[in-house]
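This is what each chain is made of:
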Amino acid sequence: MQKKLIALAIAGMIAAPAFAQSNVTVYGIIDTFVGVGKAGDAKFSGVANGVLNGPRIGFKGEENLGNGLKAKFVLEQGFNSDDASPASSKEFHRQAWVGLEGGFGFIGLGRQYSPGYYAFRNDAIAAGALDPAAILTGGGLQIDAATDSRWDNSVNYQSKSFGGFSGQLIYSFGSTEADVKAKNPNRNADDKVGLGLNYANGPLNVDYIYVNAGDSAFGDDHKEHYLGAGYDFGGFKLVGSYQTASVDAKDSDVKVYQIGGIIPVGSGNIHVAYGVRNEDAKDSDSRSFGLAYTHNLSKRTIAYVGLNRTTNDDNVGLGALAKANGESSNALGLGIRHAF
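The rules behind each value
Residues numbered from 1 in each chain as written. Predicted model: local features only at pLDDT ≥ 70, side-chain atom pairs only at ≥ 80, totals over all residues. Heavy atoms only, no water. Helix = DSSP H or I, 4+ residues; strand = E, 2+ residues; numbered from the N terminus. Buried < 20%, exposed > 50% of the residue type's maximum accessible area, 1.4 Å probe, protein only. Contact = heavy atoms within 4.5 Å. Areas by Shrake-Rupley, 256 points an atom, 1.4 Å probe, with all protein chains shown as cover. Pairing = 2+ DSSP bridges. Polar contact = N/O pair within 3.5 Å; in protein donor to acceptor, adjacent residues only side chain to side chain. Phe/Tyr/Trp six-rings, centres within 6.5 Å; stacked < 30°, edge-to-face > 60°. Lys NZ or Arg CZ within 6 Å of the ring centre and 35° of its normal.

### Focus: the overall build of the protein chain
Item 1. When its secondary structure is counted, the protein chain shows three helices and 18 strands.
Item 2. Counting the 340 residues in the protein chain, one finds 41% classified as buried.
Item 3. Residue pairs at least 24 apart in sequence account for 52% of intrachain contacts in the protein chain once pairs closer than 6 positions are excluded.
Item 4. For the protein chain, the exposed surface amounts to about 17,000 Å²; the carbon and sulfur share of it is 60%.

### Quick look at unusual backbone geometry
Item 1. Positive phi, close to 50°, is recorded for Phe92, a residue that is not glycine.
Item 2. Positionally, Phe92 belongs in the loop between strand E5 (85-86) and strand E6 (95-102).
Item 3. We classify Phe92 as partly exposed; its relative accessible area is 26%.

### Observations regarding the pairing of strand E16 (residues 286-296)
Item 1. Taken together, the ten bridges between strand E15 (residues 268-279) and E16 define a ladder with antiparallel strand orientation. Of the residues in E16, the one forming a bridge with Gly275 is Ser288.
Item 2. Taking the residues between adjacent antiparallel strands as the criterion, E15 and E16 are bridged by six residues, where Asp283 takes a positive phi near 55°.
Item 3. Both E16 and strand E17 (residues 301-312) contribute to a ladder of eleven bridges, which runs antiparallel.

### Re the pairing of strand E8 (residues 150-158)
Side-chain positions along a regular strand alternate between the two faces of the sheet.
Item 1. Inspection of the sheet shows strand E7 (residues 105-113) paired to E8 by seven bridges, in the antiparallel sense. Across the sheet, the residue bridging to Tyr113 is Arg150, located in E8.
Item 2. Judged from the five bridges that link them, E8 and strand E9 (residues 165-172) form a sheet pairing that is antiparallel. Bridge assignment links Asn156 to a residue of E9, and that residue is Ile170.
Item 3. In textbook terms, the turn of a hairpin is the stretch between consecutive antiparallel strands, and for E8 and E9 this stretch comprises six residues, one of which, Gly163, has a positive phi near 60°.

### Considerations on the side chain of Asn198
Item 1. Here Asn198 lies in strand E10 (residues 192-201).
Item 2. A relative accessible area of 11% places Asn198 in the buried class.
Item 3. At 2.9 Å, the side chain of Asn198 and the side chain of Asp207 are in polar contact.
Item 4. Not counting residues within four places of it along the chain, the set of residues in contact with Asn198 comprises Arg121, Gly164, Phe165, Ser166, Asn205, Val206 and Asp207.

### Structural notes on the environment of Lys323
Item 1. With respect to the element layout, Lys323 can be found in the loop between E17 and strand E18 (329-339).
Item 2. Sequence separation between Lys323 and Ala39 is 284 residues, and the spatial gap between their C-alpha atoms is 5.3 Å.
Item 3. Excluding residues within four positions of it along the chain, Lys323 makes contact with Ala39, Ala42, Gly317 and Leu318.

### Regarding the packing of aromatic side chains
Item 1. Enumeration according to the criterion identifies ten aromatic pairs in this entry.
Item 2. Judged by centre distance (6.1 Å) and plane angle (85°), the rings of Tyr113 and Tyr118 are edge-to-face.
Item 3. Residue Tyr113 is classed as buried on the basis of its relative accessible area of 9%.
Item 4. Pairing Tyr117 with Phe120 gives two aromatic rings, centres 5.5 Å apart and planes at 65°, and the pair type is edge-to-face.
Item 5. Of the residues examined, Tyr117 reaches a relative accessible area of 11% and is grouped as buried.
Item 6. An aromatic cluster of at least three residues, connected via ring pairs, comprises Tyr113, Tyr117, Tyr118 and Phe120.
Item 7. A cation sits over an aromatic face here: Lys60 above Tyr27, 5.1 Å from the ring centre.

Pasting the structure below:
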């Protein structure tokens, strides 16, 4: 009996460290607001979501494999907090990947963020529903913090930071083999490659992003370049970016540039931003202005109020809450974001 107890104690001592080396975290965000919007005859009034962050629930974990090596995973599903509907027909459509992290950096496999997602670092209103940069990059551009910046079937490498410099290289294999055979004999036609370079040191952040999206929803031979930066002066943070997209099949170039600022006020911040989208196609330009105030109720809960006005040429209809070609889109929202 005594020998059995000793054996069980030894087994427990061996198993306990292995158990302690792994963990799983459940996390999420709920961001919901009541708003009104108008664009010509199109009108909206009611509850919507996603001014600061898209609502989500996720599971993330890691296991210490020893010698500085870790296995990591993320499964993250988005949803609409206004009506509890799924944000996509895909399960875990925001992220679904597994990877290894060590002294070499990180390498992951699955549905992952391309470098374009991190453009939000240089947006003044969190790349949300009322943010000019988010609105003006709609319609298929790959460099924005939205669905088009999450790539399926991808191999993703992210480096460690060296003196403030870091990089990301990602390759997406696009559609499945069966899909490609049905649509295009070139199985690499819709593959994508993305490169992101970042410098972050103290108050300064600089990003350069390149994306070759191949045959995308926006057209054939889709390429984009992005340069963005932000500097925190203490009492004021200035952000801005310039982005170009070229699409050979449409013989059309798109340029998006925006500038904004974040001003701390007591327990909150004032956010202001202005952006312009110019497209070679006739009567397809837009201009967008956003203004918001966020108030920190706690470390995890923020109350906010914000507005956006987007003006459009005759052949384009961008905006928030209500949209119509050739019409100005006006939107106002009041809401709360809670992270857990």
